[in-house]
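Summary of structural features
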Amino acid sequence: MSFWARRETNATGGCVISGPSLVNRDIIPDATWQQYQSLVAIPKHGTNDYLRLGHWEGRGTAYFDDVRLTPVWPVHAAFASGLVLGKGESVEEGVYHCRLHFGGEEANYSRVLHEHQCGFNTTRWNFGPGAYVIYRHHVPGGFRAAKLNVNVNYHTGGRLQVEASPNRQQWLPVGTLDAERRSGELEIPAAALSGDTLFIRLQGEGANCNLQVNQYELAAPLRQPLPDARGTSVFVEPSEPAPAELKVEFPSLDTTAMPPALVMRIHYQGTQRLNLRAVLSVAGGREESLAMPVLVPGGSQVVRLPLGAPQPGNHVATLGLVDARQRRWFSASAEFKTGLLADSRPGYWLAENNSMGLWWCESGWKISRERALPVRPAGGKANPVSLAAARGEYEAAQLVLRPNVAGEVRSLRTSPLLNSRGQPLKARLEWMEVAYVRVTRPTDSTCEPGWYPDPLPPLSLPLRLQAQGNQPLWLNCYIEPEAQSGEYRGEITLETSLGTWKVPLRITVYGFTLPPESHLRSAFGLGTGTINRYHHLTNAEQRMLVYQMYLTNFAQHRIAPYSFFAYSPIQMRFTGAGAEKRAEIDFSAFEKAARQWLDGQHFNSFLLPLRGMGGGTFHSRYLGDLEGFKEGTPEHARLFKDYLGQVERYLKEKGWLAKAYTYWFDEPEPKDYEFVIEGMKRIKAAAPGLKRMLTEQPEPELLGHVDIWCGLTPEWTPEKVAARRAAGEEVWWYICCAPHAPYITEFIDHPGLELRLWPWQSWQYGVQGILVWETVYWTSSAAFPSPRQQNPWEDPMSYVSGYDFKPGQIGYWGNGDGRFLYPPRAAMATPQACLEPPVTSLRWENLRDGMEDYEYFWLLQQRVEREKQRGSSPARWREAEALLRVPEAISRDTRSFTTDPRLVLAHREKLARMIEKLGD
């Protein structure tokens, strides 16, 4: 099913519903027309189903156009062993895995879906009484054993019966999931594993059955060893059917070729010889012709159509059969995806010998372990590793080693970097290892399983090198504020067991300094409880020491945490009795911390906790109390105003009130608005100058009660931002487990450049602040009940916790959600106290780059305004003013943006040179 949709500019909340009534998909369109499509596998006997388009709990109008329903042929990956695997299936180290990602464009379809009589909504099966889903798993040689993980994410009644069979004739019980047990590992009976095929049936039971399933994962060791293989699926849509005498089939996707090739088999039943040629056009490129032998009556031919694309993403190949007279005998289109791990764009060749190749790339790329060595340039002369930065700025590049055989890095040195006058560069250079985490459950339909680069631990030598696998090394460079502008050159000496290389290095220093305080505000969570638990900290001195390390990391990345005073709070107590009861406040510990982090390290915001204030989320809420008086009573109001009024006056006197905000209710729904408004009124009455943040988009009922709007990124348009700013309010935005693609996200299995572009889009839209709920979300109390805890180095998924999730219940927020920092490796290896700083990540580094890029825009804007005020000739500042607009090639809107860091660096270079031109 495909259609175009948009919502009017002022539409908010809710979602659009689409698809057959039994296979619904919820989406959230924005104000521009976008095409949406999804596969739908109709239930058995679902012939009376119908299509529907509408919206649910949304405000405003949704528009639809060009609705189509088209049959497609699924084609799956075939391997030399006779194995066939679709998307979500793989063989890894002798174990067959099937990890189904419900939702996205595949919706409920998968290669292993055999039959069903069950409804589906967006990301989950909906089981009522008697509803069932049957999966079929087939591997040559069969399975030695099998374990199944199924998760019931929602339950109000009944139970899910899980059964297995080798032949669909005899069903054997596997387990039951219900209100008490919603998930867990289920052992498949040996009697169900007698052949090459295994059937699994999920069935809803009970007259009141109402439950949902959002996870299905099977792991089965094989009877016969097979090479590692990863499945994929391509969908062919016929546009011009073949005549009766010509039968066209697509039996498989040949993965032995590179790029993979779609296999087309042609059977000819005509009476005369037929001379055809196959034509192929990939991703809108030039049509290519593939020669074919002459077809004879009763004969067959096989043609392989290579499906390669220049960059990751969803692509369309048009294909057909044409005779000598240009008459088309058949045409179709094939949708396929090139994954992030197959991106062939990045990289510059440096050197190679028989044992190893060496190359480099910019910091915004995620380099897969399998990525081939870039093409050697004509003449064989290497481009130097190149960086450019302002004074007071960090910038990075990746040096990538690709060994043909196993080895190790033994030494890595950088020579002094000198300018043309022989003067050394004043800078700090640091090397880090680019480590990998294994994604087994992709975050969304644009992602794929595999090994993704993310943690960046300090480089520890010797470093083992894996044969036929890339190992990037991260070079971080900080330009000291007193450095002189200009170009500096030196070299990197790399000593390995496979040879020694000298790599040219060039660093350009721009002639200006970044401001020490960031002009894009930020608010990121930093949970001290998680830090203390993972670092095994047992006393106050250890906790403060490690906490300061994390805060230092935040300051170095231009990000403000919710709190810098977890161990230095504002102390408050009430003295007196009755109407004479008053608040006594001790600011001494807080003031010491504030001078260090607000004044010294330039954090530009902090969350002021409110004692006696209630709170909640869309899920639940509660009223606060002070000294036994419930929120909303006159006694509470008097004590609250006394206490909070003193805090407000103190912060104003110290010059810190403008950086403070309250954030006491999270993501309200319309049912919560009255509760939120009453709370906002109480804060306003007690401390009129304290800014009240709400993680919600502007809604008519809330207007006048919010000082900082912080809605999800899809909720904003430039017009909405401008309207709230014109009303004297601030506009921030946030990301978390949502949104998914095509928006900017925080996920590990999304492109590396996304987080660098978030501040660019903030500038583009006029947004003043960014927020992420957490940075050290390393475990889930639901998925890992105490005393267990997740190892974020081994499992990148952020699992749901809270929201009534019970111990053992599994829910998914996405790979890396709320997790930008890692505990040190030493903390994971020993139960002893680990007094080391956190390990940064590729995403955290790219976000800092974006925060620094934002300062380029801010600095240039200041210079343009100065030139205007001076009455300078428009010729002097018009070109500069044009550069303040983010180019469409970099970001057209929140859904359309580049993943190529070279475009970002090119515009950043123009900004830098214009800043230099206009001077201080």
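Residues numbered from 1 in each chain as written. Predicted model: local features only at pLDDT ≥ 70, side-chain atom pairs only at ≥ 80, totals over all residues. Heavy atoms only, no water.

1. Here's the deal with the nonpolar core
- In terms of nonpolar packing, the biggest core is built from 105 residues, with Phe564 and Leu644 touching the most fellow members.
- When residues of this core are assigned to their parent elements, the largest contribution, nine residues, is made by helix α9 (residues 842-870).
- Setting aside anything within four residues of it in sequence, one finds Phe564 in contact with Tyr547, Leu551, Phe590, Ala593, Ala594, Trp597, Leu598, Phe603 and Phe606.
- Grouped together as the second largest cluster of nonpolar side chains are 49 residues, Leu100, Phe102, Leu198 and Val213 included. (Core = buried A, V, L, I, M, F, W, Y, C linked by side-chain atoms within 4.5 Å. Buried < 20%, exposed > 50% of the residue type's maximum accessible area, 1.4 Å probe, protein only. Helix = DSSP H or I, 4+ residues; strand = E, 2+ residues; numbered from the N terminus. Contact = heavy atoms within 4.5 Å.)

2. Comments concerning the packing of aromatic side chains
- Within this structure, the stated rule accounts for 50 aromatic pairs.
- Judged by centre distance (5.0 Å) and plane angle (75 degrees), the rings of Phe565 and Phe590 are edge-to-face. Residue Phe565 is located in the loop between α2 (540-556) and β42 (571-575), and its partner Phe590 is located in helix α3 (residues 588-600); the two are separated by 25 residues in the primary sequence. For the pair Phe565 and Phe590, a shared accessibility class is recorded, and that class is buried.
- Through a chain of ring-to-ring contacts, the aromatic side chains of Phe564, Phe565, Phe587, Phe590, Phe606, Tyr650 and Trp656 assemble into a single cluster.
- The residue whose ring lies beneath Arg6 is Tyr63, and the NZ or CZ to ring-centre distance is 4.4 Å.
- Looking at Arg371, its charged tip hangs above the ring of Trp359, at a distance of 5.0 Å from the centre. (Phe/Tyr/Trp six-rings, centres within 6.5 Å; stacked < 30°, edge-to-face > 60°. Lys NZ or Arg CZ within 6 Å of the ring centre and 35° of its normal.)

3. Comments concerning the pattern of salt bridges
- Scanning all chains against the criterion turns up 56 salt bridges.
- Between Arg908 and Asp853 there is a salt bridge, and its shortest N-O distance comes to 3.3 Å. Of this pair, Arg908 sits in helix α11 (residues 901-918) while Asp853 is found in helix α9, placing the two residues 55 residues apart along the sequence.
- The class for Arg908 is buried, based on a relative accessible area of 2%.
- Judged by relative accessible area, which is 1%, Asp853 ranks as buried.
- Through salt bridges with shared partners, one network takes in Glu393, Glu395, Arg756, Asp849, Asp853 and Arg908. (Salt bridge = Lys/Arg side-chain N within 4 Å of Asp/Glu carboxyl O.)

4. Quick word on unusual backbone geometry
- In the segment running from Ala738 into Pro739, the intervening peptide bond is cis, with an omega of 0 degrees.
- One can find Pro739 in the loop between β53 (730-734) and α7 (754-765).
- The phi dihedral of Glu667 is positive, around 50 degrees, even though this residue is not glycine.
- As for its placement among the helices and strands, Glu667 is situated in the loop between β50 (665-666) and α5 (673-686).
- Take Glu667: its relative accessible area is 19%, and that puts it in the buried class.
- At Asp804, a residue that is not glycine, the phi angle is positive and equals roughly 65 degrees.
- Tracing the backbone shows Asp804 in the loop between β55 (797-799) and β56 (812-815).
- By relative accessible area, which is 60% here, Asp804 ends up exposed.

5. Quick look at the environment of Ala738
- Positionally, Ala738 belongs in the loop between β53 and α7.
- Of the residues examined, Ala738 reaches a relative accessible area of 26% and is grouped as partly exposed.

6. Description of the state of the cysteines
- Throughout the structure, instances matching the rule amount to zero disulfides.
- Of all cysteine sulfurs, the one in Cys118 lies closest to Cys209, which takes part in no disulfide; the gap is 8.9 Å.
- Free of any disulfide, Cys710 has its nearest cysteine sulfur in Cys736, 9.9 Å distant. (Disulfide = S-S within 2.5 Å.)

7. Some words on α2
- An ideal rise of 1.5 Å per residue puts 24 Å on 17 residues; α2 measures up with 24 Å between its terminal C-alpha atoms.
- Every buried residue of α2 is accounted for by Gln542, Val546, Tyr547, Tyr550, Leu551, Asn553, Phe554 and Ala555.
- Where α2 is buried, its residues meet β41 (521-524), α1 (528-535), α3 and α9.
- Looking at where α2 begins, the residue whose side-chain oxygen comes 3.1 Å from the main-chain nitrogen of Glu541 is Asn539. (Expected span 1.5 Å × (residues − 1). Polar contact = N/O pair within 3.5 Å; in protein donor to acceptor, adjacent residues only side chain to side chain.)

8. Comments concerning the sheet that holds strand β51 (residues 691-694)
- Reading across from one edge, β41-β54-β53-β52-β51-β49-β44 is the order of the seven strands in this open sheet, with parallel pairing throughout. Lying at the two open borders of the sheet, with one neighbouring strand each, are β41 and β44 (606-607).
- Looking at chain direction, β51 and strand β52 (residues 708-712) are connected through two bridges and run parallel. Across the sheet, the residue bridging to Met693 is Ile708, located in β52. (Pairing = 2+ DSSP bridges.)

9. Comments concerning the pairing of strand β27 (residues 328-338)
- With respect to burial, β27 is a largely interior element, eight of its 11 residues being buried.
- Pairing of strand β20 (residues 233-240) with β27 involves five bridges; the strand directions are antiparallel. By the bridge assignment for β27, Val236 is matched with Ala334.
- Inspection of the sheet shows strand β26 (residues 313-323) paired to β27 by 10 bridges, in the antiparallel sense. What sits directly across from Ala317, in β27, is Ala334.

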